[in-house]
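One letter stands for each residue in the lines below.
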Amino acid sequence: MKNENRVLPVTTDPDTAPFWAAAREERLVIKYCEECDRPIHLPRAYCPVCRRRSDVWRDASGSGRVYSWTIVEHQVHPGYPTPYTSVLVELADHRSVRLLGSLPGRVPLVGGEPVQVWFEHLENVTIPQWRLVEAGGA
Ligand SMILES: [Zn+2]
């Protein structure tokens, strides 16, 4: 559903631009420190552990699990009609990385549900979104 009122991300910030460029190609990427081999999330110029500068991005599979969630009933912005279910997704192959997303409606979750990324192409930005998948499927 087209929604003109949505707030779109800034895609030109030097710390996050590669994330948005990869999303445009339908790839989910996570920034890594080459020195200590840890994800740098949220992405920033320097590793928070060893302080090395890093420009390394690695592909993620796009599979994850619902780590936490809340059902939003009170609408605070015209671009986000309620109800919707806000989810925090733990990535399957980068488990310390959790990304926010939302699912339409009131989704009866218990936690741990498998989800898969999909890419919503808008005019100037592609947004990674999540959908529930059957257990054992992808
Ligand atoms: Zn490091």
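About the criteria used
- Residues numbered from 1 in each chain as written.
- Predicted model: local features only at pLDDT ≥ 70, side-chain atom pairs only at ≥ 80, totals over all residues.
- Heavy atoms only, no water.
- Donors = N, O, S within 2.8 Å, 3.2 Å for Na, K, Ca; no water.
- Tetrahedral: all angles 85-135°; square planar, octahedral: opposite > 155°, others 65-115°.
- Buried < 20%, exposed > 50% of the residue type's maximum accessible area, 1.4 Å probe, protein only.
- Pairing = 2+ DSSP bridges.
- Helix = DSSP H or I, 4+ residues; strand = E, 2+ residues; numbered from the N terminus.
- Contact = heavy atoms within 4.5 Å.
- Axes fitted to C-alpha atoms, helices over the stretch in contact; angles between N-to-C directions.
- Salt bridge = Lys/Arg side-chain N within 4 Å of Asp/Glu carboxyl O.
- Phe/Tyr/Trp six-rings, centres within 6.5 Å; stacked < 30°, edge-to-face > 60°.
- Lys NZ or Arg CZ within 6 Å of the ring centre and 35° of its normal.

- By the naming in an unreviewed UniProt entry, the protein chain is DUF35 domain-containing protein, taken from Gordonia humi.

### So, the coordination of the zinc ion
Point 1. For the zinc ion, the full set of protein donor atoms is C33 (SG), C36 (SG), C47 (SG) and C50 (SG), and the range of their distances to it is 2.1 to 2.3 Å.
Point 2. Metal-centred angles of 102 to 125 degrees between the 4 donor atoms at the zinc ion mark the site as tetrahedral.
Point 3. Classification of C50 as partly exposed rests on a relative accessible area of 29%.

### Thoughts on the sheet that holds strand β3 (residues 56-60)
Point 1. With antiparallel pairing, 3 strands are arranged side by side in an open sheet as β2-β1-β3. Both outer strands of the open sheet, β2 (38-39) and β3, are each paired with one neighbouring strand and no more.
Point 2. Direction of pairing for strand β1 (residues 28-33) relative to β2: antiparallel, over a ladder of 2 bridges. In the sheet register, Y32 faces β2, and the bridge partner there is P39.
Point 3. Each of β1 and β3 touches helix α1 (residues 17-24); the most contacted strand, β1, lies at about 150 degrees to it.

### So, the pattern of salt bridges
Oppositely charged side chains can pair when the atoms bearing their charge come close.
Point 1. In the structure shown here, the tally under the stated rule is 7 salt bridges.
Point 2. A salt bridge links R27 to D59; its shortest N-O distance comes to 2.9 Å. One end of the pair, R27, is in the loop between α1 and β1; the other, D59, is in strand β3, and 32 residues separate them in sequence.
Point 3. Taking the relative accessible area as the measure of exposure, R27 reaches 32% and is therefore partly exposed.
Point 4. Across the salt bridge formed by R95 and E90, the nearest N and O atoms sit 3.2 Å from each other.
Point 5. Among the residues examined, R95 registers a relative accessible area of 56% and is labelled exposed.
Point 6. What you see here is one network of salt bridges that share partners, running through E25, R27 and D59.

### Describing the packing of aromatic side chains
Point 1. Inspection of every chain in the model, using the stated rule, returns 1 aromatic pair.
Point 2. When the centroid spacing of 5.0 Å and the interplanar angle of 90 degrees are considered together, the rings of F19 and W20 count as edge-to-face.
Point 3. Exposure remark for F19: the relative accessible area of 14% places this residue in the buried category.
Point 4. On the basis of relative accessibility, which here comes to 16%, the residue W20 falls in the buried class.
Point 5. Stacked on the ring of Y67, the Lys or Arg R98 has its end atom at 3.6 Å from the ring centre.

### A closer look at unusual backbone geometry
Point 1. Residue L42 is reached from H41 by a cis peptide bond, and omega for that bond is 10 degrees.
Point 2. The topology assignment puts L42 in the loop between β2 and β3.
Point 3. With phi around 55 degrees, D37 is a residue other than glycine that occupies positive phi space.
Point 4. Relative to the helices and strands, D37 resides in the loop between β1 and β2.
Point 5. Located in the positive-phi region is R51, a residue other than glycine, with phi close to 70 degrees.
Point 6. Judged by its relative accessible area of 60%, R51 is exposed.

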